[in-house]
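These are the residues of each chain, in order.
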Amino acid sequence: MNIQKVGIVGAGTMGSGIAQVAATAGCSVTLFDVNSDQLVTAQDSLERILARLVEKNRIDNEERDRILGNIAFKELGDAEVHAERSRGTKAESELSSCDLIIEAIVENLEVKKKVFQNLEKIVNDDCVIATNTSSLSVTSIAASLEKPERCIGIHFFNPAPLMKLVEVVPAVQTNTEITEGIVETIKSWGKTVAVAKDTPGFIVNRVARPFYSESLRMLEEGMADVPTIDKLVRQMGFRMGPFELTDFIGHDVNYAVTESVFAAFYYDPRYKPSLTQKRLVEAGWLGKKRGKGFYTYQDGKKQELD
Ligand code: NAI
C-alpha cells in the first residue's frame, strides 16, 4: 500500500493532531471540515504547536515549513457532505485524489454513516476510508459503504502527535490486505500499532471506562471533590486525574463514548453514563476546548479550583 495523499474529515482536536502526524511523516494532507471557523482554529493551533517545537529545538524552521507546507485546509460544503454528488467543486477534487481518508467527526453512528456514504460517491475506487471512532462499531460504519472491505478503524489517542499507540480495528468486512497495509502505514508514521477486535471501546477505551465512571460516582456520592481525586490519582503515577483528562478529551466526546459503550453492552450497569457529565454537556461546558468543564481554562491553561 502506498499512501501519499491523506484526507482528514473533521478538523477538531483529533483531526488536526492526526494531520500533524501524517504531514510530519511526509504525506500530503488535506484537512476538511464543515465549519470554516474550525479550519481557522486548526490552522492557528498547528502553527502554534509547531512554533513551540521550534522554540524547544525539537525541529528547525525548515522542518516546520515542510510540515505546514504538507497541510491544506478545505471547507466541505453541503454538496460534499450531505447531498448528492456535484463533480468539480474544489473540495471534491481534493477528496477524489486521496489514497486514505480518516474521518474524525462527531461520535454519532448515524452522522458517520451518512458522511461515509457521501464520501464513497466522491473518492477513487482504491481509497481506504477509515474512522477514528473511539467506541462505535466499525463493522456498522463499514456496512454503510458499497465497498465495505475498504473500511477500517484507525484509532489515534489524544494528543495524536504525542501518543505513540494507535489501535487499528478491522471491521468484519475489512480486506486483510487493507489491514496489513494500514498497519504498515501507521507504523511508518512512527506509531506503535495494536490490532484490536471490533468490540465496544476496543481495548483501551474499554479498560478506561471504570476510570472515568468510578471517579464520577465518587464525586456524586460526595466522597471526595474534583481536585482531590485528580491530585491523588496523579500521585499514584497517572499523568492526569480523571476530571483533568475528561476535560482534555471533551465531555461531549467522552459522554458519547460512554453512552455508546453502555448501549453496545446491552445496558450493563457497569458502563452507565453519569448525570453529572451529562449536565456539563448540556451546559456546553465541554472542557478545555470551550474554556470550561470541571475546571476553567484561560489561554488553554487550567485554573486551580479553590
Ligand atoms: P471535535 O469536536 O474536537 O471535532 C469534530 C470536528 O468535526 C468539528 O470540527 C466539527 O466541525 C467537524 N464535523 C462535524 N460534522 C462534520 C461533518 N459532517 N463533516 C465534516 N466535519 C464535521 O471532536 P474530536 O475530539 O476531534 O473527536 C472526533 C472523533 O475522534 C470522534 O469520533 C471521537 O470519538 C474520536 N476520538 C476522540 C478522542 C478525544 O480524546 N477527543 C480520542 C480518540 C478518538
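Residue numbers here run from 1 along each chain, matching the order of that chain's written sequence. pLDDT decides what is reported in this predicted model: residues at 70 or higher carry local features, side-chain atom pairs at 80 or more are listed and counted, and totals for whole chains, interfaces and linings draw on all residues regardless.

1. Brief notes about the overall build of the protein chain
Think of it this way: any DSSP run of H or I at least four residues long counts as a helix, any run of E at least two long counts as a strand, and we number them from the N terminus. Across its full length, the protein chain carries 13 helices and ten strands. All radius of gyration figures rest on C-alpha atoms, and the globule criterion is 2.2 Å times the number of residues raised to 0.38. Over its C-alpha trace the protein chain gives a radius of gyration of 19 Å, about what one expects of a compact globule, namely 19 Å for 306 residues. Considering only C-alpha atoms, the protein chain reaches an extent of 60 × 50 × 35 Å along its principal axes. Here the protein chain holds 306 residues, and the buried ones make up 42% of them. For the purpose of contact definition, each residue receives a C-beta atom placed from its backbone, and two residues are in contact when these atoms lie within 7 Å. Of the contacts formed within the protein chain by residues at least 6 apart in sequence, a portion of 61% connects residues at least 24 apart. Counting other C-beta atoms within 10 Å of a residue's own tells you its class, since 20 or more makes it buried, 12 or fewer makes it exposed, and anything in between is partly exposed; those C-beta atoms are placed from the backbone.

2. What to know about helix H2 (residues 36–55)
Structural remark: α-helix, 3.6 residues per turn; residues separated by three or four positions point the same way. Helix span, as expected, comes to 1.5 Å for every residue beyond the first. Across its 20 residues, H2 extends 29 Å between first and last C-alpha, which sits within 8% of the 28 Å expected from 1.5 Å per residue. Taken together, the buried positions of H2 are occupied by Leu 39, Ala 42, Leu 46 and Leu 50. One side of H2 holds all its buried residues, which, seen down the axis, span an arc of 60°. Of the exposed residues in H2, the ones pointing more than 90 degrees away from its buried face are Asp 37, Asp 44, Glu 47, Arg 48, Arg 52 and Glu 55. Among the structural elements, helix H1 (13–24), strand E2 (28–33), helix H3 (61–69) and strand E3 (71–75) are those in contact with the buried residues of H2. One or two positions beyond H2, positive phi appears at Asn 57, with a value near 60°. What the arc describes is the spread of directions from the helix axis to the C-beta atoms.

3. As for unusual backbone geometry
For the peptide bond that leads from Asn 158 to Pro 159, omega is 0°, which places it in the cis range. Positive phi outside glycine occurs at Asp 299, with the angle close to 50°.

4. Some words on the site of the ligand
Near residues are defined by distance alone, with the backbone-placed C-beta atom required to lie within 6 Å of the molecule or strand. Looking at the ligand, there are 29 residues lining it, with Gly 10, Gly 12, Met 14, Ser 134 and Asn 158 nearest. Mapped onto the shell around the ligand, the elements with two or more residues apiece are H1, E2 and helix H12 (251–264). If you tally residues by element for the shell around the ligand, the top one is H1, at three residues. Under the grouping applied here, Gly and all other residues not named as nonpolar or charged are polar, the nonpolar ones being Ala, Val, Leu, Ile, Met, Phe, Trp, Tyr, Cys and Pro and the charged ones Asp, Glu, Lys and Arg. Its residues assigned to classes, the shell around the ligand comprises 16 nonpolar, eleven polar and two charged. Shared between two domains, the shell around the ligand takes at least three residues from each, and those domains are domain 1 (5–195) and domain 2 (206–301). Start and end positions for the domains come from either an automated domain assignment or a database one.

5. A look at the packing of H2 against H3
Contact geometry of H2 with H3 gives a least axis separation of 9 Å together with a crossing angle of 160°. The orientation of H2 relative to H3 falls into the category roughly antiparallel. H2 and H3 meet at a crossing whose hand is right-handed. Contacts from Leu 46, Glu 47, Leu 50 and Val 54 in H2 reach Asn 61, Arg 64, Ile 67 and Leu 68 in H3. The axes used here are C-alpha line fits, helices contributing only the stretch in contact, and every angle between their N-to-C directions lies in the interval 0 to 180 degrees. Oblique is the label for any angle not under 35 degrees, not over 145, and not in the 65 to 115 range, which are roughly parallel, roughly antiparallel and roughly perpendicular in turn. Helix crossings fall into two classes, left-handed where the near helix is turned counterclockwise from the far one by less than a right angle and right-handed where it is turned clockwise.

6. Concerning the environment of Lys 164
Relative to the elements of secondary structure, Lys 164 occurs in the loop between strand E6 (151–156) and strand E7 (165–170). Lys 164 gets classed as exposed once you count the C-beta atoms within 10 Å, which come to 9. Here the alpha-carbon distance between Lys 164 and Lys 191, two residues 27 residues apart in the chain, equals 5.0 Å. Not counting the four nearest positions on each side in its chain, Lys 164 is found in contact with Lys 191 and Thr 192.

7. Notes on H1
For H1, spanning twelve residues, the distance from its first C-alpha to its last is 17 Å, which sits close to the expected 16 Å at 1.5 Å a residue. Remark: Gly 26 follows H1 within two positions and exhibits a positive phi of approximately 100°.

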